[in-house]
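Notes for the structure review
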Amino acid sequence: MTSTGLIDVHAHFVTDAYVAAARSAGIEHPDGMPGWPTWTVDEHLDLMRRSGIEKSYLSISSPGVHFGDDGAARSLAREVNTFGARVRAEHPRRFGHFASLPLPDVEGSLAEAAYALDVLGADGVAVETNHHGLYLGDPRFEPLWEDLGRRGAVVFVHPTSPPHAEDLALGRPRPMLEFLFDTARTASDLLFRGVLTRHPRIRWVLTHGGGALPLLADRMELFRTLLGGGPADAPGAVEQLGRLWYDMAGTPFPRQIPAFDAAFGTERLLYGSDYCWTPADLALSQVESVDSAVQPSANDTWRALTTRNARRLFTTNTK
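The structure contained in this document is the topic of the report that follows. All of these numbers come straight from a predicted model, not from anything done at the bench.

**Structural notes on the sheet that holds strand S7 (residues 154-158)**
The pairing of strands in a sheet happens through backbone hydrogen bonds and is either parallel or antiparallel. If you walk across this open sheet you meet the 8 strands as S1-S2-S3-S4-S7-S8-S9-S10, and the pairing is parallel. Bordering the open sheet on either side are strand S1 (6-12) and strand S10 (269-270), each of which pairs with just one other strand.

**Re the pattern of salt bridges**
One pass over the full model with this rule turns up 18 salt bridges. Glu 54 is the partner of Arg 311 in a salt bridge, and the nearest nitrogen-oxygen pair spans 3.1 Å. Taken together, the residues Arg 311 in helix H13 (residues 302-313) and Glu 54 in strand S2 (residues 53-59) connect sequence positions 257 residues apart. Its relative accessible area of 40% is what places Arg 311 among the partly exposed residues. Relative accessible area serves as the criterion here: at 15%, Glu 54 is assigned to the buried category. For Asp 182, the salt bridge identified is with Arg 185, shortest N-O distance 2.7 Å. Placement of the pair is Asp 182 and Arg 185 together in helix H7 (residues 178-192), with a separation of 3 residues, close to one helical turn. Salt bridges sharing partners connect three or more residues here, namely Asp 118, Asp 147, Arg 150 and Arg 151.

**Some words on the nonpolar core**
Among the nonpolar cores identified, the biggest contains 76 residues, and Trp 145, Leu 148, Trp 204 and Leu 241 are the most heavily contacted of them. By size, the runner-up hydrophobic cluster in this structure holds 12 residues, among which are Val 9, Phe 156, Val 205 and Leu 270.

**Focus: helix H11 (residues 252-264)**
Its 13 residues give H11 an end-to-end C-alpha distance of only 15 Å, which falls more than 12% under 18 Å, the value for a rise of 1.5 Å per residue. Where H11 is concerned, the buried positions are Pro 252, Phe 253, Gln 256, Ile 257, Phe 260 and Phe 264. What you see down the axis of H11 is that its buried residues fit within an arc of 110°, all on one side. Facing away from the buried surface of H11 by more than 90 degrees, the exposed residues are Pro 254, Arg 255 and Ala 262. A positive phi of about 75° marks Gly 265, the residue just after H11.

**Notes on a nonpolar patch on the surface**
The grouping of Leu 222, Phe 223, Leu 226 and Leu 227 at the surface amounts to a nonpolar patch, some 430 Å² of accessible area in total. Relative to the assigned elements, Phe 223 resides in helix H9 (residues 213-227).

**Quick notes on the packing of aromatic side chains**
Think of a pair of aromatic rings as described by two things: how far the centres are apart, and how the planes are tilted against each other in angle. Per the stated rule, a full pass over the model turns up 16 aromatic pairs. For the pair Tyr 18 and Trp 36, a centre-to-centre distance of 5.7 Å together with 90° between the ring planes defines the contact as edge-to-face. With Tyr 18 in helix H1 (residues 16-24) and Trp 36 in the loop between H1 and helix H2 (41-51), this pair connects stretches of sequence that are 18 residues apart. By relative accessible area, Tyr 18 is classed as buried at 1%. Put simply, the rings of Tyr 18, Trp 36, Phe 67 and Trp 277 pair up and form one aromatic cluster. Between the NZ or CZ atom of Arg 78 and the centre of the ring of Tyr 115, over which it lies, the distance is 3.7 Å.

**Considerations on the packing of H9 against H11**
Running from amino to carboxyl end, H9 crosses H11 at an angle of 30°, the nearest separation of the two axes being 8 Å. Viewed along their axes, H9 and H11 adopt a mutual orientation that is roughly parallel. Here H9 contributes Leu 213, Pro 214 and Ala 217 to the contact with H11, which in turn contributes Ala 259, Phe 260, Ala 263 and Phe 264. Residue classes in the contact of H9 with H11 are distributed as 7 nonpolar, no polar and no charged.

**Focus: unusual backbone geometry**
The step from Ser 62 to Pro 63 runs through a cis peptide bond, and the omega angle for that step is 15°. Structurally, Pro 63 is set in the loop between S2 and helix H3 (70-90). Along the chain, Phe 253 connects to Pro 254 via a cis peptide bond; the corresponding omega equals 15°. Relative to the helices and strands, Pro 254 resides in helix H11. Positioned with a positive phi, His 164 is a non-glycine residue whose angle comes to about 60°. Structurally, His 164 is set in the loop between S7 and helix H6 (165-168). Take His 164: its relative accessible area is 60%, and that puts it in the exposed class. In this structure, His 208 is a non-glycine residue whose phi angle is positive, near 55°.

**What about the environment of Ser 24?**
Within the secondary structure, Ser 24 sits in helix H1. C-alpha of Ser 24 to C-alpha of Phe 67: the two residues are 43 residues apart in sequence and 9.4 Å apart in space.

**A few points about the packing of helix H4 (residues 106-120) against helix H5 (residues 142-151)**
Where H4 contacts H5, the two axes come as close as 9 Å, and the packing angle between them is 20°. When the axes of H4 and H5 are compared, the pair comes out roughly parallel. Once H4 is placed against H5, the crossing between them reads as right-handed. Contacts from Val 106, Ser 109, Leu 110, Ala 113, Ala 114, Leu 117 and Asp 118 in H4 reach Pro 143, Leu 144, Asp 147, Leu 148 and Arg 151 in H5. Class assignment of the residues belonging to the contact of H4 with H5 gives a composition of 8 nonpolar, 1 polar and 3 charged.

Definitions and cut-offs
Residues numbered from 1 in each chain as written. Predicted model: local features only at pLDDT ≥ 70, side-chain atom pairs only at ≥ 80, totals over all residues. Heavy atoms only, no water. Pairing = 2+ DSSP bridges. Helix = DSSP H or I, 4+ residues; strand = E, 2+ residues; numbered from the N terminus. Salt bridge = Lys/Arg side-chain N within 4 Å of Asp/Glu carboxyl O. Buried < 20%, exposed > 50% of the residue type's maximum accessible area, 1.4 Å probe, protein only. Core = buried A, V, L, I, M, F, W, Y, C linked by side-chain atoms within 4.5 Å. Expected span 1.5 Å × (residues − 1). Arc of directions from axis to C-beta. Patch = residues over 30% accessible without salt bridge, like charges linked within 9 Å, V, L, I, M, F, W, Y side chains within 5 Å. Areas by Shrake-Rupley, 256 points an atom, 1.4 Å probe, with all protein chains shown as cover. Phe/Tyr/Trp six-rings, centres within 6.5 Å; stacked < 30°, edge-to-face > 60°. Lys NZ or Arg CZ within 6 Å of the ring centre and 35° of its normal. Axes fitted to C-alpha atoms, helices over the stretch in contact; angles between N-to-C directions. Parallel < 35°, antiparallel > 145°, perpendicular 65-115°, else oblique. Contact = heavy atoms within 4.5 Å. Nonpolar A, V, L, I, M, F, W, Y, C, P; charged D, E, K, R; others polar. Left-handed = near helix turned anticlockwise from the far one by under 90°.

The structure is reproduced here in C-alpha cells:
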C-alpha cells in the first residue's frame, strides 16, 4: 500500500444473524431505509482495491444492537463483536474493528467494552448518537465514559434516528437529514453537560463532517455564554468541538468540507466511506469527488492528509 492509501474509519458490516435479530424485533426498514444491505469480506476487499483504501475500521451501524431487551442486546453485541474480531484477525492489515455496546444498558456496556478491548483487541467502541432517546451526555452514561476515558479509548459515534423520528422526518429516510442533526444534538449534549472536559482522553470520532455542527458551533457558543453550560472555565464551544475527530463520509465536496475547515480546521479530519450502507458505486463516486476536489494545498492531498490524521488517531491515547 502507498502512503496515500485511504484509511476508512467509517465502514460497516452486517451478519445474517444480526439482520435476523433486527427483523425479529420488527425492524424491516431501519431508519426509514428501503431495507438491509448485504456484506461479505470479499466484496469489501474488492471495493477497497478499486478505491485505493488501505484499511477499513468496521462497525455495526444504526440501529445498533439493543432492540429493547438487555439480555438479548448483550448476547447480540458479543456475537457481532466476536465476528468483527475474527475478520480483523484474519486480515490484520486490511481491517480494524470498533466494538458494539448494548447501550442504554450501562452495566452490560462496561462488561462488553472490557471484553472487546482487553480480550478481542478491538480498536475502539461504537455508540449511537442516542440510545432509546438517551443522548450521550446523560448522567446515566457517566460510568462508561469514566472507564473509556481512563483507557484513552476511541469512541466512534454513529448517528441514529432521533425520538419521534417518524414525525420529524416527514416520511423520508432519516439518514438524509435527521442523522446530521442528531450528530449535532449529541455533540451539544456532550459539551453542555461537561463530558468533553471531564474526559479529555476519550478520542471521540463524529461522522459526516460533524453533520450540522460547523454551522451551529458559533450559535452554541453564544448560548453557552448567555446561559452557561459545562464548567465556567471550560474552553469555548468551537475549541472543544475542534478537539474531536470527524470523518468525511457522505457528500464532502464541493461544499461540506470547506465549511467544516472554516469552523474546525482539518487537523482531525478523517476519511469515511460508509460502505456497506452506502452502495459500492456511490462509495466509488465519493472517492472520485475527494480525489478531484481542490486539494488542501499545492503539496498535499485529501488522501494524504486524512491518512496522516488517522495514523495519529490510532497511535496516541491522549488529546
